[in-house]
There are 2 protein chains.
Amino acid sequence: MNGYVSDAVIRRLPGYYRHLRELEENGVVQISSQELGERMSLTPSQIRQDINCFGGFGRQGYGYPVHELKEHIGEILGLNKKHRMVIIGAGRIGNAVSRYPSFRREGFETVAMFDSDPALLTEEKDGIAIYDISRLEELLPGMDISIAVLAVPAPAAQETANRLYECGIRAIWNFAPTDLQHPADMEVVNVHMSDTLHILSYRMTHGNTDRK
Amino acid sequence: MNGYVSDAVIRRLPGYYRHLRELEENGVVQISSQELGERMSLTPSQIRQDINCFGGFGRQGYGYPVHELKEHIGEILGLNKKHRMVIIGAGRIGNAVSRYPSFRREGFETVAMFDSDPALLTEEKDGIAIYDISRLEELLPGMDISIAVLAVPAPAAQETANRLYECGIRAIWNFAPTDLQHPADMEVVNVHMSDTLHILSYRMTHGNTDRK
C-alpha cells in the first residue's frame, strides 16, 4: 500500500477481493475500471483511485489483470497467511462459523471450540473438539491461535474477551451484539448481523437508489 | 430524507441506528457530533452532513436528541413496520438467523422455515414449523411474507430465488455466497460473512488505522 490508506478504502478491500475472485472463477482475465465499477456500485474514477492506492496497477486503457490484482489485494488483507482460530460459544452462530465453507480455503482454520454448556462438551463437530470454557487458560496457550471468534451471549462477552487477552489472544471476531472494551494492542472487529437486514428494509421502503 | 441520498449515507444508517440505540440504553439524552463521530470513527463534519441529510436535526451547539434521532432513523430504515420473514434453508445459518434475539424486537418475525432435507421436516424449532421446500408454491402465498432469508447452499440459491419471486416475494436477505440475478422489482441484499474477517486479518497485518 502507498502510505496512508483511509478507513473507507480498507473497508472496500474485502469487496474488491470477492468480486475479483468471482471474475477469476468465471474466466475473466482483464477488467476495466468501468466494468468493475458497475459490479461494485462505485464510479470508475473511485475504482482507479482505490487501485492506485494499492500500488502499481494503473494501466490506463488496458484494464486491470484480474488474477494479479486479486492476489495483490489478498496479500494486503493478509490472506496469504494461515490463521488458526478458536470459537468461543458452540451455539448456533459458533457452529455456523465453524462450518462456513470458504474460511478454510482462505486460510482460516478452526482448531477448537469452547462452551460453558456441559451438554455440548461430549460432542465433537466435524472433528472439532468442544472444551469446557473453564479449561480456556489451561488449553488455549498451547494451541497457537491467532484469532478468537466470540459467539457467546452479550452478557458474557466482555469477561470472555478479558480472559482471551490474558491468554495471549490479540484478535477477536466478535458476534456478540455488544461493544467490547479492549487494550490498544488487541484488534476487535464486530459483526453486526442486523445491518444488512436494515439496508434491505430501507430499500423496501424507499426503493434501491444504489441501482443504475 | 431530503431528496437524493447517496448510497454511502444509506450504508451508514444502520450504524447510526445501532449507536444511538446503545446510547439511549445507557441513558444518554443528547450527543454532540464530536462525541458521536468518535464512537463511529467519522469526523464531526461528516456526522453533521449525514444528519442534515436525514432532515431537521441541525441544532448547532446543542447536540442531537438521542431518542428522537434514533426514532427518526428507525423510520427511515422502515423499522417502524412489521416484517414477516420466511427462512429458506434450516441448516446452521438458517437456525442462527431464526434465533437471533434482536430481530423480533425490531419487527422482523420469522413465520416459517423451508428445507429440502426430510430429516429436518419433523422438527419444529422454537415453535417455528419447517416445511418441505416442495410445498413452497402451495404455502408461501398464504403466509403474508415480506422478506425471504435465503440460507441454502450456493448451487441451489438462484433457482430458489426464482421460485420465491414467482411466489410474490420482492425482498431477499441472501446468505448464500453467490450473486443472484433478479428482476428490478426484487430487492436483494447479500450478507458476506467473510468481509469482516478479512478486515480483522488486514488489521492484524497492518495495525488499525481506524483508531485515533
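Since the structure is predicted, the reported quantities are computational estimates derived from the model, not experimental observations. (Residues numbered from 1 in each chain as written. Chains lettered and ligands numbered in written order. Predicted model: local features only at pLDDT ≥ 70, side-chain atom pairs only at ≥ 80, totals over all residues. Heavy atoms only, no water.)

## A few points about the nonpolar core
Formed by 95 residues in total, the largest nonpolar core has its most connected members in Tyr 16, Phe 54 and Trp 173 of chain A together with Tyr 16 and Trp 173 of chain B. If near-sequence neighbours (up to four positions away) are discounted, Tyr 16 of chain B is found in contact with Leu 36, Met 40, Leu 42, Gln 46, Ile 47, Asp 50, Ile 51, Phe 54 and Ile 73 of chain B. (Core = buried A, V, L, I, M, F, W, Y, C linked by side-chain atoms within 4.5 Å. Buried < 20%, exposed > 50% of the residue type's maximum accessible area, 1.4 Å probe, protein only. Contact = heavy atoms within 4.5 Å.)

## Brief notes about helix α3 (residues 44-54) of chain B
Residues and elements named next belong to chain B. Within α3, burial applies to Ile 47, Asp 50, Ile 51, Cys 53 and Phe 54. The buried residues of α3 occupy one face: seen down the axis, they fall within an arc of 150°. Buried residues along α3 sit in contact with α1 (7-25), α2 (33-40), β2 (64-65) and α4 (66-76). Gly 55 sits one or two positions beyond α3 and adopts a positive phi of about 100°. (Helix = DSSP H or I, 4+ residues; strand = E, 2+ residues; numbered from the N terminus. Arc of directions from axis to C-beta.)

## Section: the pairing of strand β4 (residues 108-115) of chain B
Residue and element names in this part refer to chain B. With respect to burial, β4 is a largely interior element, six of its eight residues being buried. Bridging between β4 and strand β6 (residues 128-132) involves three bridges; their strand directions are parallel. Looking across to β6, one finds that Asp 115 is bridged to Asp 132. (Pairing = 2+ DSSP bridges.)

## Digging into the confidence of the model for chain A
Averaged over every residue, the pLDDT of chain A is 88; the share at 70 or more is 92%. Across the predicted assembly, pTM comes out at 0.81 and ipTM at 0.90. (pLDDT = per-residue confidence, 0-100.)

## Section: the interface of chain A and chain B
Each side of the interface is counted separately: chain A has 71 residues, and chain B has 70 residues. The contact between chain A and chain B buries some 5,900 Å² in all, and 60% of this surface belongs to carbon and sulfur atoms. Our count for the contact surface shared by chain A and chain B stands at two salt bridges. Note that Asp 195 of chain A is salt-bridged to Arg 18 of chain B, the shortest N-O span being 2.7 Å. Taken together, chain A and chain B are joined by 23 residue pairs in polar contact (both at pLDDT 80 or more). Mapped by element, the contributors of at least two residues to the side of chain A that touches chain B are α1 (7-25), β3 (83-88), α5 (92-99), α6 (101-105), β8 (171-174), β9 (187-190) and α10 (193-206) of chain A. When residues in the side of chain A that touches chain B are grouped by element, the largest group, 14 residues, is from α10 of chain A. Within the side of chain A that touches chain B, the residues separate by chemical class into 33 nonpolar, 21 polar and 17 charged. (Buried area = accessible area lost by both parts, 1.4 Å probe. Salt bridge = Lys/Arg side-chain N within 4 Å of Asp/Glu carboxyl O. Polar contact = N/O pair within 3.5 Å; in protein donor to acceptor, adjacent residues only side chain to side chain. Nonpolar A, V, L, I, M, F, W, Y, C, P; charged D, E, K, R; others polar.)

## Looking at the environment of Ser 6 of chain A
Residues and elements named next belong to chain A. Looking at the secondary structure, you find Ser 6 in the segment before α1. Owing to a relative accessible area of 26%, Ser 6 belongs among the partly exposed residues under this scheme. Separated by 129 residues in the primary sequence, Ser 6 and Arg 135 place their C-alpha atoms 40 Å from one another.

## A closer look at the pattern of salt bridges
Opposite charge on two side chains allows them to pair when their charged atoms are near. Following the criterion strictly, the structure yields 19 salt bridges over all chains and no others. Measuring nitrogen to oxygen at the nearest pair gives 2.7 Å for the salt bridge that ties Asp 50 of chain B to Arg 12 of chain B. Of this pair, Asp 50 of chain B sits in helix α3 while Arg 12 of chain B sits in helix α1; the two residues are 38 residues apart in sequence, bridging distant segments of the chain. Among the residues examined, Arg 12 of chain B registers a relative accessible area of 22% and is labelled partly exposed. Between Glu 24 of chain B and Lys 70 of chain B there is a salt bridge; the shortest N-O distance is 2.9 Å. Taken together, the residues Glu 24 of chain B in helix α1 and Lys 70 of chain B in helix α4 connect sequence positions 46 residues apart. Where salt bridges share partners, they join Glu 24, Lys 70 and Glu 71 of chain A into one cluster.

## Description of the packing of aromatic side chains
Residue and element names in this part refer to chain B. Taken as a whole and assessed by the stated rule, the structure comprises six aromatic pairs over all chains. Summarising the aromatic geometry, the rings of Phe 103 and Trp 173 are spaced 5.5 Å apart at their centres and angled 75° between planes, so their arrangement reads as edge-to-face. In this pair, Phe 103 is assigned in helix α6 (residues 101-105) and Trp 173 in strand β8 (residues 171-174), connecting sequence segments 70 residues apart. By relative accessible area, Phe 103 is classed as buried at 2%. (Phe/Tyr/Trp six-rings, centres within 6.5 Å; stacked < 30°, edge-to-face > 60°.)

## Looking at the relation of the copies chain A and chain B
Mapping chain A onto chain B calls for a screw motion: a turn of 180° about the axis and a shift of 0.0 Å along it, with 0.0 Å RMSD after fitting. Both copies are brought into coincidence by an operation consistent with a two-fold rotation axis. Residue Arg 92 of chain A, judged by its C-alpha, is the member of chain A lying nearest the rotation axis, at 3.1 Å. Mapped onto chain B, 99% of the interface residues of chain A are again interface residues, and the two copies thus contact each other with one and the same surface. (Least-squares fit on C-alpha atoms with pLDDT ≥ 70 in both.)

## Quick notes on the environment of Val 9 of chain A
All names here are of chain A. Secondary-structure assignment places Val 9 in helix α1. Linking Val 9 and Gln 49, residues 40 residues apart in sequence, is a C-alpha distance of 9.5 Å. Among all residues touching Val 9, those that are not within four sequence positions of it are Asp 50, Cys 53 and Phe 54.

## Things to note about the side chain of His 83 of chain A
On the secondary structure map, His 83 of chain A appears in strand β3. The class for His 83 of chain A is buried, based on a relative accessible area of 4%. A distance of 3.3 Å separates a polar atom in the side chain of His 83 of chain A from the backbone oxygen of Gly 78 of chain A. Those residues in contact with His 83 of chain A that lie beyond four places of it in its chain are Gly 78, Gly 107, Phe 108, Glu 109, Ser 146 and Ile 147 of chain A together with Ser 201 and Met 204 of chain B.

## Considerations on the pairing of strand β3 (residues 83-88) of chain B
All names here are of chain B. Counting buried positions along β3 yields five of six residues, so the element is predominantly enclosed. Here β3 runs beside β4; their pairing, made up of six bridges, is parallel. Each bridged residue has a counterpart across the sheet, and for Ile 88 the counterpart in β4 is Phe 114. The sheet contact formed by β3 and strand β7 (residues 147-150) spans four bridges and is parallel. Opposite Val 86, over in β7, you have Ala 148 as the bridge partner.

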